[in-house]
Amino acid sequence: MMNTSLQSIATKALPALSGEQLTYNAAKNVFLSQGYTSAAGNMYYKAIRLSNRLMVYYDLGQGYAYTFLNGIKLFCFDGQKANLIAQKYWGGCDYRIFNEQFAKEQCILMLKGFLEGQLKLQGAHVSDQELASFARGMVEETQRKQLA
């Protein structure tokens, strides 16, 4: 069973992000949107992972042979709504075949970049190693099984 705090976040934030009904895929540990099929026969959908503080939103495409990572969006949750904090897209000749480790590392780099910017705004300094470790921990929280 999903913990109460996380369930509250999912109820408030996920429908607003997807605009459609989501299902939980326990085998892949993600919330999945219904998606659509293009004229070329490719399926496009969203895969979302979340924790109490961070949501990782993958834009995916399923071709005949591979799943492609078309983009990643990171949202933080302020208790009321999700706020976009970072995004990255691939496409055209720069497409990426989905790889869990690559996607995770991209999320960590994106979050680390956002946090570096926030530190600069506050005039604060944290070592690069500490910042990377913190970002990794936040991304890994989203990858833990949320439902039994």
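Structure: see above.
(A) Broad picture of the environment of Asn42. Relative to the helices and strands, Asn42 is located in the loop between β3 (36-37) and β4 (43-50). Along the sequence, Asn42 and Gly63 sit 21 residues apart, while their C-alpha atoms lie 4.9 Å from each other. If sequence neighbours within four positions are ignored, Asn42 has contacts with Tyr36, Thr37, Gln62, Gly63 and Tyr64.

(B) Molecular detail of helix α2 (residues 100-122). Relative to the 33 Å expected for 23 residues at 1.5 Å per residue, α2 spans 33 Å between its end C-alpha atoms, a close match to the ideal helical length. Taken together, the buried positions of α2 are Ala103, Lys104, Gln106, Cys107, Ile108, Met110, Leu111, Lys112, Leu115 and Leu119. In this structure, the buried residues of α2 make contact with β5 (54-62), β6 (67-77), β7 (82-89) and α3 (128-143). Its side-chain oxygen placed 2.9 Å from the backbone nitrogen of Gln101, Asn99 serves as the N-cap of α2. Positive phi appears at Gly123, one or two residues downstream of α2, with a value of about 70°.

(C) View of the pairing of β6. In the sheet, β5 pairs with β6 via nine bridges, with the strands oriented antiparallel. Along β6, the bridge assignment pairs Tyr58 with Ile72. Linking β5 to β6, which pair antiparallel, is a turn of four residues. Direction of pairing for β6 relative to strand β8 (residues 96-97): antiparallel, over a ladder of two bridges.

(D) Layout of α3. In this model, α3 (16 residues) spans 23 Å end to end at C-alpha, consistent with the 22 Å of a helix rising 1.5 Å per residue. Looking only at α3, the buried set comprises Leu131, Ala135, Met138, Val139 and Thr142. Across the axial projection of α3, the buried residues extend over an arc of 95°, all falling on one side. Among the exposed residues of α3, those oriented more than 90 degrees off its buried face are Gln129 and Glu130. On its buried side, α3 packs onto β4, β5 and α2.

Rules used in this analysis
- Residues numbered from 1 in each chain as written.
- Predicted model: local features only at pLDDT ≥ 70, side-chain atom pairs only at ≥ 80, totals over all residues.
- Heavy atoms only, no water.
- Helix = DSSP H or I, 4+ residues; strand = E, 2+ residues; numbered from the N terminus.
- Contact = heavy atoms within 4.5 Å.
- Expected span 1.5 Å × (residues − 1).
- Buried < 20%, exposed > 50% of the residue type's maximum accessible area, 1.4 Å probe, protein only.
- Polar contact = N/O pair within 3.5 Å; in protein donor to acceptor, adjacent residues only side chain to side chain.
- Pairing = 2+ DSSP bridges.
- Arc of directions from axis to C-beta.

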